[in-house]
Amino acid sequence: MKILVLNAGSSSQKSCLYYIPDDDRSKTVITQLWSGSIDWTKQQGMATIEVESNGVVLEETKKTDDRLAVMERLLNTMCEGDNAILESWEEIDFVGHRIVHGGSRYQKPTWITEEVKSAIAQLASLAPNHNPANLQGIKLMEELLPNPSQVAVFDTAFHSQMPTEATIYPLPYHWYEQGIRRYGFHGISHQYCAQQTAKLLKQPLDKLRLITCHLGNGASLAAIKNSYSIDTTMGFTPLEGLMMGTRCGSIDPGILIYLLREQELTADQIDEMLNKESGLKGISGMASDMRTITEAMQENKERAQLAFDAYIHYLCRQIGAMAASLEGFDVLVFTAGVGENSAIVRQETCQRLQYLGVHLDIEKNRDSPNNEDIAADQSQVRVLVLHTDEDCAIAQAVWQLAQVKG
Ligand code: ADP
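Residues numbered from 1 in each chain as written. Predicted model: local features only at pLDDT ≥ 70, side-chain atom pairs only at ≥ 80, totals over all residues. Heavy atoms only, no water.

**Topic: the sheet that holds strand β3 (residues 31-43)**
Hydrogen bonds between backbone atoms are what pair the strands of a sheet, whose relative direction is either parallel or antiparallel. Let me state the cut-off plainly: Here, any two strands with at least 2 DSSP bridges between them count as paired. Elements are defined by DSSP. Helices are runs of H or I of four residues or more, strands are runs of E of two residues or more, and each kind is numbered from the N terminus. What makes two residues a contact is simply this: any of their non-hydrogen atoms within 4.5 Å. What counts as an axis is a line fitted to C-alpha atoms, over the stretch in contact for a helix, and the angles between N-to-C directions run from 0 to 180 degrees.
Strand order in the open sheet formed by eight strands is β5-β4-β3-β2-β1-β6-β8-β7, with mixed pairing between adjacent strands. For this open sheet the edge positions go to β5 (56-62) and β7 (110-111), each flanked by a neighbour on one side alone. This element, helix α1 (residues 67-76), spans β1 (2-8), β2 (12-19), β3, β4 (46-53) and β5 of the sheet and lies at about 150 degrees to β3.

Quick look at the structure:
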């Protein structure tokens with residue numbers, strides 16, 4: 001069975017084509033046939049396309065903001081040129097989409113129907129940078145494939161079992177009834193890492209209490225118990241929680257009232273400042289990328305050091321909050337760009353968590369760990385570095401749904 005996965009970000013588009021044998025009951029044999037990405041952040045108004053298949057790497061740049069046209073070019077490389085791996089589009093059996101916001105209603109992977117599409121469109125006001133891009137991808141596949149079978153895999157779903165006290169904000173109740181509540185995001189990644197943890201430690205997932213730290217450009221934590229997320233740091237939008245690359249995370253809402261009243265900023269200006277000009281970038285005044293920040297620290301750049309210290313402060317503070325929700329934890333997982341690659345972030349974090357029974361093996365931590373336990377032998381809490389693979393998780397979810405359909 002060939003499954004195409006489309007994973008649309010606000011300024012990126014990742015896509016992968018997978019092959020999973022129809023009789024693969026264990027879901028372990030999954031082959032990536034083709035992968036492609038579009039990045040709109042490298043140069044203003046330019047899209048950088050990268051494709052890899054057949055051992056051939058293609059890189060090209062297109063001067064356009066037309067997302068649909070660039071996506072079509074990217075996907076066409078599956079059927080034409082040196083990267084071609086399909087005779088025709090009809091060979092694609094299913095398409096899986098990462099849908100960022102599924103609201104309260106969508107709690108598991110779902111076949112895409114007209115009703116599902118209009119729900120995704122309605123939820124666009126809660127995820128304006130993602131849900132419209134997701135819909136574009138769905139519609140493009142409807143044009144390219146004769147009879148597409150498409151599946152929506154929601155980033156909010158894994159958090160849908162959180163207890164009400166963890167989803168409600170202490171606000172007037174009628175706002176909760178209107179949908180102003182905590183949803184949580186990065187669910188596909190948190191769930192994938194939880195499952196990988198159980199495999200790596202050879203223990204049943206429902207017996208483990210985990211804190212998963214997804215630290216990429218966007219960052220969030222999940223507190224996982226009985227195989228589900230019972231608390232998480234992102235909320236109504238992906239702005240709540242940890243300090244991130246360019247997002248502020250949790251701040252005093254009184255700041256917004258002050259900015260509206262005293263500085264007369266508009267909603268759009270505040271949105272831009274909190275989402276794109278805050279976090280590591282805001283404090284350092286330099287960069288949102290953790291690599292640049294840690295390099296600048298070596299050169300004694302004070303604001304870079306302050307940005308790093310604040311990042312660790314808020315990370316540890318929120319890990320403490322997740323530990324309290326779980327009433328203790330057995331495993332701490334680091335994943336995504338920063339979590340997988342930054343030894344210094346892991347070291348500084350774990351050093352402050354010794355009081356919770358977290359003890360790192362310093363050498364294993366430094367030695368570019370990949371899907372490994374890096375806790376010291378005597379540590380009460382296991383510390384794992386896992387490579388997250390949302391696209392592979394989406395393909396597996398589609399495969400599972402297809403089995404039920406028969
Ligand atoms: P996204 O949220 O866009 O999927 P990623 O998970 O790819 O992000 O993470 C991107 C971030 O990972 C970069 O901004 C960078 O800060 C960080 N990163 C990547 N490699 C390293 C590294 N070697 N050391 C420290 N940070 C890194």
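**What about the environment of A84?**
Stated precisely, the cut-off is as follows: To sort residues, take the accessible area from a 1.4 Å probe on protein chains only and compare it with the maximum for the residue type: under 20% means buried, over 50% means exposed, and anything in between is partly exposed.
In this structure, A84 sits in the loop between α1 and β6 (94-99). We classify A84 as partly exposed; its relative accessible area is 25%. Spatially, the C-alpha atom of A84 lies 9.9 Å from that of V56, the residues being 28 residues apart in sequence. Excluding residues within four positions of it along the chain, A84 makes contact with N54, T77, M78 and C79.

**Concerning the site of the ligand**
Note the following rule: Put simply, a residue is near a molecule or strand once any heavy atom of it comes within 4 Å of that molecule or strand. By the criterion applied in these results, polar contacts are pairs of N or O atoms within 3.5 Å in which, for protein atoms, one can donate a hydrogen and the other can accept it, and in which residues neighboring in sequence qualify only through two side-chain atoms. Working definition of accessibility: Shrake-Rupley area with a 1.4 Å probe, residue cover restricted to the visible protein chains. Three residue categories are used. Nonpolar comprises Ala, Val, Leu, Ile, Met, Phe, Trp, Tyr, Cys and Pro, charged comprises Asp, Glu, Lys and Arg, and polar comprises the others, including Gly.
K14, G216, N217, G218, D289, M290, R291, A336, G337, V338, N341 and S342 make up every residue found near the ligand. Contact between the ligand and N217: an oxygen atom at 2.8 Å from a side-chain N or O atom of the residue. The backbone of M290 places a nitrogen or oxygen atom 2.7 Å from an oxygen atom of the ligand. When the ligand is considered free in solution it has 570 Å² of accessible area, and contact with the protein chains removes 69% of it. A per-element tally of the shell around the ligand places helix α12 (residues 336-341) first, with four residues. Considering only residue class, the shell around the ligand consists of three nonpolar, six polar and three charged.

**Digging into the pairing of strand β14 (residues 382-385)**
Direction of pairing for strand β12 (residues 331-335) relative to β14: parallel, over a ladder of four bridges. Residue pairing for β14: F334 is matched across the bridge by V385. Relative to β14, strand β13 (residues 372-373) is paired through two bridges, and the arrangement is antiparallel. Across the sheet, D373 pairs through a bridge with L384, a residue of β14.

**Points about helix α3 (residues 131-144)**
As a reminder, the rule being used: Given the number of residues in a helix, its expected span is that number minus one, multiplied by 1.5 Å.
End to end, α3 covers 20 Å across 14 residues, agreeing with the expected 20 Å (1.5 Å per residue, within 8%). Those residues of α3 hidden inside the fold are in contact with β1, α1, β6, α2 (114-122) and β8 (150-154).

**Here's the deal with the nonpolar core**
The test is simple: Here, nonpolar core refers to any group of buried Ala, Val, Leu, Ile, Met, Phe, Trp, Tyr and Cys residues whose side-chain atoms link them within 4.5 Å.
With 45 residues, the main nonpolar core has I211, L215, Y311, L332 and V345 as its most contacted residues. Of all the secondary-structure elements, those providing two or more residues to this core are β9 (210-215), β10 (219-225), α10 (290-298), α11 (302-326), β12, α13 (343-351) and β14. Broken down by element, this core gets its largest block of residues, 12 residues, from α11. Residue contacts for V345: discarding those within four places in its chain leaves L215, M290, F308, Y311, I312, L315 and V338. In terms of nonpolar packing, the next biggest core, distinct from the first, is built from 22 residues, I38, V51, L75 and M141 among them.

**A short note on the packing of α11 against α13**
For the record, the criterion: For classification, angles of less than 35 degrees are called roughly parallel, those exceeding 145 degrees roughly antiparallel, those between 65 and 115 degrees roughly perpendicular, and all remaining angles oblique. It is the rotation of the near helix from the far one that decides the hand of a crossing: anticlockwise by less than a right angle makes it left-handed, clockwise makes it right-handed.
Two elements in contact, α11 and α13, have axes separated by 10 Å at closest approach and are oriented at 50 degrees. Our classification of the angle between α11 and α13 gives oblique. At the point where α11 passes α13, the crossing takes the right-handed sense. The segment α11 lies against α13, with F308, Y311, I312, L315, C316 and I319 engaging I344, V345, E348 and T349.

**Thoughts on the sheet that holds β9**
Strand order in this open sheet of six strands is β11-β10-β9-β12-β14-β13, and the pairing throughout is mixed. The strands lining the two open edges of the sheet, one partner per strand, are β11 (228-232) and β13. Alignment of β9 against β10, held across six bridges, turns out to be antiparallel. For I211, the partnering residue across the bridge sits in β10 and is A223.

**So, the pattern of salt bridges**
Should the charged atoms of two oppositely charged side chains come close, the side chains can pair. Heads up, the condition is: Any carboxyl oxygen of Asp or Glu that lies within 4 Å of a side-chain nitrogen of Lys or Arg is treated as forming a salt bridge with it.
Considering all chains together, one arrives at 15 salt bridges under this definition. The residue D289 makes a salt bridge to R291 at a minimum N-O spacing of 2.9 Å. On the basis of relative accessible area, D289 is assigned to the partly exposed category, the value being 28%. Judged by relative accessible area, which is 58%, R291 ranks as exposed. Taken together, the shared-partner salt bridges connect E60, K62 and R73 into one network.

**A short note on the packing of aromatic side chains**
Just so we agree on the cut-off: To pair, rings of Phe, Tyr and Trp, with the six-membered ring standing in for Trp, must have centres within 6.5 Å; the planes then decide the type, stacked if under 30 degrees apart, edge-to-face if over 60, and tilted in the middle.
One pass over the structure, following the stated rule, counts five aromatic pairs. Taking 5.8 Å as the distance between ring centres and 45 degrees as the angle between the ring planes, the aromatic pair formed by F94 and W111 counts as tilted. On the criterion of sequence distance, the pair formed by F94 in strand β6 and W111 in strand β7 is long-range, its members being 17 residues apart. Judged by relative accessible area, which is 24%, W111 ranks as partly exposed. Look at Y106 and F154: their rings are 5.0 Å apart centre to centre, the planes differ by 20 degrees, and that puts the pair in the stacked class. In this pair, Y106 is assigned in the loop between β6 and β7 and F154 in strand β8, connecting sequence segments 48 residues apart.

**Section: unusual backbone geometry**
A positive phi angle, near 75 degrees, is found at S227, a position not held by glycine. With respect to the helices and strands, the residue S227 is situated in the loop between β10 and β11. Given a relative accessible area of 24%, S227 falls into the partly exposed group. Residues other than glycine seldom take positive phi values, yet A336 does so here, at roughly 70 degrees.

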